[in-house]
Amino acid sequence: MRTTILICTIIIFAAAAFGAPSVQISGAYGWQTIGGIFFGNQGTGIQAIVQSDDPVSRVEFYLGSFLYRTETLAPYTFNGDFQGTYFGWDTTVFPNGRYTITAVAFDTFGYAGMAALDLYIFNNRPPATACSANVTNGIVPLTVAFTGTASDPDNQTLVFNWSFGDGSQSNLQSPVHTYNNPGVYIVRFTVGDGFTTVFDRMSIRAGLLPLLEVNGLVVAEAEDYDLWLDAGVDEEWAMRQDKPGFSGQRFVQYIPNAGVTRTDGSGPKLQYWIDFKQIGRYYIWIRGYASSGNASCRLSLNGSIVSENIAWTTFGSWQWVNSPVGGGLLTMDVYNRGMNILTLIGREDGLAVDKIVLCSDSSFAVSGTGPAPSQRAARTSSLAGDADFDGRVNILDLIFIRNRIGMNVDVSDNRWADVNGDHKIDVLDLIYTRNRLGK
């Protein structure tokens, strides 16, 4: 958004000849902040007040030496037409600096009088900003070095604020912050130039282990996500509690609920990290709420689209949906044991989502608020399972497993390394890990 400051410095009265019209420029300008388009019909117009013994034929307005506008009927306005056609003076197309507006009034005998107004135009351009972090997930305590990138096209002094999502804040441009409690934290980086503020956002996943699939069933409360990604400053999945009948603590809704449609997969995203031991086909149920109009979402697994369009056609209540637009059952195929990432992608804003159920049993049906949510894997120490806790099997995990081979270690509380399901880290797990290095 642009803002404009007009600074009045001089008002001059002049007459071209004896008996010529007397002209005065009216309006309030001194240190007044207005929008980028300066409307005359908003009560802030620049007008020429003309007094003349003879009829006035016209008033010419000049911006510098350029004839900007000619008025033939009173009121004579520089940036608005009170005869019925309103328009604005768009100061944003002019470079910042000093300008002179001159009003020249002519009577029917050709005599002229004039008045000039010196002013300064300053069109504020908002800063550009972005935020990033050296790590976005890990075990707690998780120390994150944030980087705030900001620049101002007007070279103004910038003010910074970080809100880390856990109640802590910082005014440094690039702070370091430690998360001590597990959770997903939405971080907001705000930059102000004294006239306007802009912001960028990201999420940090601290100390969370994946949801566990047990006997072919995974149940995720929608608000219990593992990663949050917006689609710009105006679109996001927001935590809500204003639709009675939801399960869990809250639900999520794609806002702003203003008729936004993103069919290309660029809508806001929520990720759910799931530890699968049973591979194969899973049948999907999603509990959603459509307030009015269209409401739909997309779903992907490990970056591959499961369904382009999952829609709700019943409005004003919570409904379970298990089929995509076009018919059939909503399914996905899990090919790899261990960590898989399910992503809920906003398609049409306004949709509220309460719960997601995955089941390997094709005859499974849900009702009410559905089954209880799945448990997350537990970690008794930072050395259990995925050594660097990045959600991938990599060289650090290989070294960890190698160093513990031969030790009777029960890893039933964290099965990322226990690929054969015997609750022991052994040579079979090592071979599996080795074979997946680089994948």
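Residues numbered from 1 in each chain as written. Predicted model: local features only at pLDDT ≥ 70, side-chain atom pairs only at ≥ 80, totals over all residues. Heavy atoms only, no water.

Colleague: Can you walk me through the overall build of the protein in this structure?
Modeller: Across its full length, the protein carries two helices and 32 strands. The buried share of the protein, taken over its 439 residues, is 45%. Looking at the protein alone, contacts between residues at least 24 apart form 68% of all its contacts between residues at least 6 apart. Entry remark: accessible area of the protein is about 20,300 Å², with carbon and sulfur atoms responsible for 52%. (Helix = DSSP H or I, 4+ residues; strand = E, 2+ residues; numbered from the N terminus. Buried < 20%, exposed > 50% of the residue type's maximum accessible area, 1.4 Å probe, protein only. Contact = heavy atoms within 4.5 Å. Areas by Shrake-Rupley, 256 points an atom, 1.4 Å probe, with all protein chains shown as cover.)

Colleague: Can you walk me through the pairing of strand β25 (residues 269-276) in this structure?
Modeller: Residues in a regular strand point their side chains to alternate faces of the sheet. Here β25 lies mainly inside the structure; seven of its eight residues are buried. Judged from the two bridges that link them, strand β20 (residues 211-212) and β25 form a sheet pairing that is parallel. Note that in β25 the partner of Leu 212 across the bridge is Asp 275. Bridge count between strand β22 (residues 227-229) and β25: three bridges; the pairing is antiparallel. Of the residues in β25, the one forming a bridge with Leu 229 is Lys 269. In terms of strand pairing, β25 meets strand β31 (residues 338-346) through eight bridges, oriented antiparallel. (Pairing = 2+ DSSP bridges.)

Colleague: What is the right way to look at the pattern of salt bridges in this model?
Modeller: When charged atoms on two side chains of opposite charge get close, those side chains can pair. Tallied over the entire structure, the rule returns 16 salt bridges. In this structure, Arg 125 engages Asp 154 in a salt bridge whose closest nitrogen and oxygen atoms are separated by 2.9 Å. Residue Arg 125 is located in the loop between β11 (112-124) and β12 (128-133), and its partner Asp 154 is located in the loop between β14 (142-151) and β15 (159-163); the two are separated by 29 residues in the primary sequence. The class for Asp 154 is buried, based on a relative accessible area of 15%. (Salt bridge = Lys/Arg side-chain N within 4 Å of Asp/Glu carboxyl O.)

Colleague: Please clarify how the sheet that holds β12 should be interpreted in this entry.
Modeller: Strand pairs in the sheet, formed through backbone hydrogen bonds, run parallel or antiparallel to each other. An order of β12-β14-β17 is seen for the three strands of this open sheet, with the pairing classed as antiparallel. Looking at strand neighbours, the two that pair on one side only are β12 and β17 (176-179), the edges of this open sheet. Looking at each pair of strands side by side, their axes are set apart by 25° on average, direction ignored. (Axes fitted to C-alpha atoms, helices over the stretch in contact; angles between N-to-C directions.)

Colleague: Just to check I follow, could you spell out the nonpolar core for this structure?
Modeller: Proteins that are soluble and globular tend to have nonpolar side chains buried together. Judged by nonpolar contacts, the single largest core of 33 residues is most densely connected at Tyr 272, Ile 286, Met 332, Leu 342, Val 353 and Leu 358. For this core, the elements supplying multiple residues, two or more each, are β21 (217-221), β24 (251-255), β25, β26 (280-289), β27 (296-301), β30 (331-334), β31 and β32 (352-359). Considering every element that reaches this core, the biggest residue donor is β25, with four residues. When sequence neighbours within four positions are dropped, the list of residues in contact with Tyr 272 reads Ala 220, Glu 221, Ala 222, Asp 224, Tyr 225, Asp 226, Asn 340, Ile 341, Leu 342, Leu 344 and Ile 356. In terms of nonpolar packing, the next biggest core, distinct from the first, is built from 18 residues, Phe 61, Leu 63, Ala 105 and Leu 117 among them. (Core = buried A, V, L, I, M, F, W, Y, C linked by side-chain atoms within 4.5 Å.)

Colleague: Sorry if this is basic, but what is going on with the packing of aromatic side chains here?
Modeller: To describe a pair of aromatic rings, one takes the distance between the centres and the angle between the planes. All chains considered together, the criterion is met by 15 aromatic pairs. Ring centres of Tyr 289 and Trp 318 lie 5.2 Å apart, and the angle between their planes is 70°; this geometry places the pair in the edge-to-face category. Here Trp 318 lies in strand β29 (residues 318-321) and Tyr 289 lies in strand β26, a separation of 29 residues in the sequence. For the pair shown, Tyr 289 and Trp 318 are each scored as buried. One aromatic cluster is present, built from ring pairs that chain together Phe 146, Phe 160, Trp 162, Phe 164 and Phe 189. The ring centre of Phe 106 lies 3.9 Å from the NZ or CZ of Arg 58, which sits over that ring. Directly above the ring of Trp 273 sits Arg 205, whose terminal nitrogen or CZ lies 3.7 Å from the centroid. (Phe/Tyr/Trp six-rings, centres within 6.5 Å; stacked < 30°, edge-to-face > 60°. Lys NZ or Arg CZ within 6 Å of the ring centre and 35° of its normal.)

Colleague: I keep staring at the pairing of β27 and nothing clicks. Help me out?
Modeller: Taken across its six residues, β27 has six buried, putting it largely inside the fold. The alternating pattern of β27 places Ser 296, Arg 298 and Ser 300 on one face and Cys 297, Leu 299 and Leu 301 on the opposite face, and all of these are buried. Of the pairings in the sheet, the one linking β27 to strand β28 (residues 304-311) comprises five bridges and is antiparallel in character. Its bridge partner lying in β28, Ser 296 is registered against Ala 311. Across five bridges, the pairing between β27 and β31 is antiparallel. If you follow Ser 300 over to β31, its bridge partner there is Thr 343.

Colleague: Sorry if this is basic, but what is going on with the confidence of the model for the protein here?
Modeller: Detailed reading of the predicted coordinates is not advisable wherever pLDDT is low. On average, the protein scores 82 in pLDDT, and the residues at 70 or more come to 75%. Every residue in residues 1-17 is under pLDDT 50, and counting partners more than four places away or in other chains gives 69 contacts. Ignoring residues within four places in sequence, the model shows residues 404-416, a span with pLDDT below 50, making 35 contacts including any to other chains. (pLDDT = per-residue confidence, 0-100.)

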